Amino acid sequence: MRALPIVLTALLLVVQAELWFGRGGVSHVMELQREVAAQRAANDQARTRNERLQAEVTDLREGLEMVEEKARMELGMIRPDEMLVVVAPNVAH
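Residues numbered from 1 in each chain as written. Predicted model: local features only at pLDDT ≥ 70, side-chain atom pairs only at ≥ 80, totals over all residues. Heavy atoms only, no water.

## Thoughts on the overall build of the chain
Worth spelling out the cut-off: The secondary structure listing takes helices from DSSP runs of H or I that are at least 4 residues long and strands from runs of E that are at least 2 residues long, numbered from the N terminus. Atoms counted for the radius of gyration: C-alpha only. Globule rule: 2.2 Å times residue count to the power 0.38. Accessible surface is estimated by sampling points in the Shrake-Rupley manner with a 1.4 Å probe; for residues, cover comes only from the protein chains shown. Lys and Arg are tallied as positive, Asp and Glu as negative. Neither His nor the chain termini are counted. Taken as the charge centre is NZ of Lys, CZ of Arg, CG of Asp or CD of Glu, depending on the residue.
For the chain, the helix and strand inventory stands at 2 helices and 0 strands. Its C-alpha radius of gyration of 37 Å places the chain more than 25% over the 12 Å reference for a compact globule of 93 residues. Summed over all atoms, the accessible surface of the chain reaches about 9100 Å², with 63% contributed by carbon and sulfur. Each charge class in the chain was averaged separately, 11 positive and 14 negative side chains, and the resulting centres sit 13 Å apart.

Written out as structure tokens, the structure reads:
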């Protein structure tokens, strides 16, 4: 009868040792949580940078289109491979 508490205590110690020091133990889980937090921070930085770059690309595209449109409408400019045709209104005297 005396051996049963000793065996149970030994088993409890083995389970506790595995919990604290084993592959799936507390320290390993905490390390994985730190790695996940670091990766999330890196992802957030990359996402912010991507959004900034996308906004810059959009501004450049829209900016060039706006400049081209103004040059065409206000200055009558054309591309080298285009021909400008101006239709004058029919003025009757």
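There is more to say after this.
## Focus on the environment of His28
Selection criterion: The criterion used for residue contact is that any of the two residues' heavy atoms lie within 4.5 Å.
Among the secondary structure elements, His28 is positioned in helix α2 (residues 26-75). Excluding anything up to four places from it in sequence, His28 contacts Gly22 and Arg23.

## Things to note about the pattern of salt bridges
For clarity, the cut-off: The term salt bridge refers to a side-chain nitrogen of Lys or Arg lying within 4 Å of a carboxyl oxygen of Asp or Glu. Residue exposure (1.4 Å probe, protein chains only): buried if accessible area is under 20% of the type maximum, exposed if over 50%, otherwise partly exposed.
Overall, the coordinates contain 3 salt bridges when judged by the stated rule. For Asp44, the salt bridge identified is with Arg47, shortest N-O distance 2.9 Å. A residue pair is termed a helical-turn pair when its members lie 3 or 4 positions apart in one helix, as Asp44 and Arg47 do in helix α2 at 3 residues. Under the relative-accessibility criterion, Asp44 is labelled partly exposed at 43%. Given a relative accessible area of 45%, Arg47 falls into the partly exposed group. Glu68 serves as the salt-bridge partner of Arg79, at 2.5 Å between the closest nitrogen and oxygen. On the criterion of sequence distance, the pair formed by Arg79 in the segment after α2 and Glu68 in helix α2 is long-range, its members being 11 residues apart. Here Glu68 falls in the partly exposed class, since its relative accessible area comes to 30%.

## Thoughts on the environment of Arg40
By the secondary structure assignment, Arg40 is in helix α2. Spatially, the C-alpha atom of Arg40 lies 68 Å from that of Asn90, the residues being 50 residues apart in sequence.

## Some remarks on a nonpolar patch on the surface
Condition: Without a salt bridge and with relative accessible area above 30%, a residue can belong to a patch; like charges are then joined within 9 Å and nonpolar side chains (Val, Leu, Ile, Met, Phe, Trp, Tyr) within 5 Å.
Taken together, Leu4, Val7, Leu8 and Leu11 make up a surface patch of nonpolar side chains, about 380 Å² in accessible area. Checked against the element boundaries, Leu8 lands in helix α1 (residues 3-21). Taking the relative accessible area as the measure of exposure, Leu8 reaches 49% and is therefore partly exposed.

## Let's talk about a negative patch on the surface
On the surface, a cluster of negative charge is contributed by Glu56, Asp59, Glu62, Glu65, Glu69 and Glu74. Within the secondary structure layout, Asp59 lies in helix α2.

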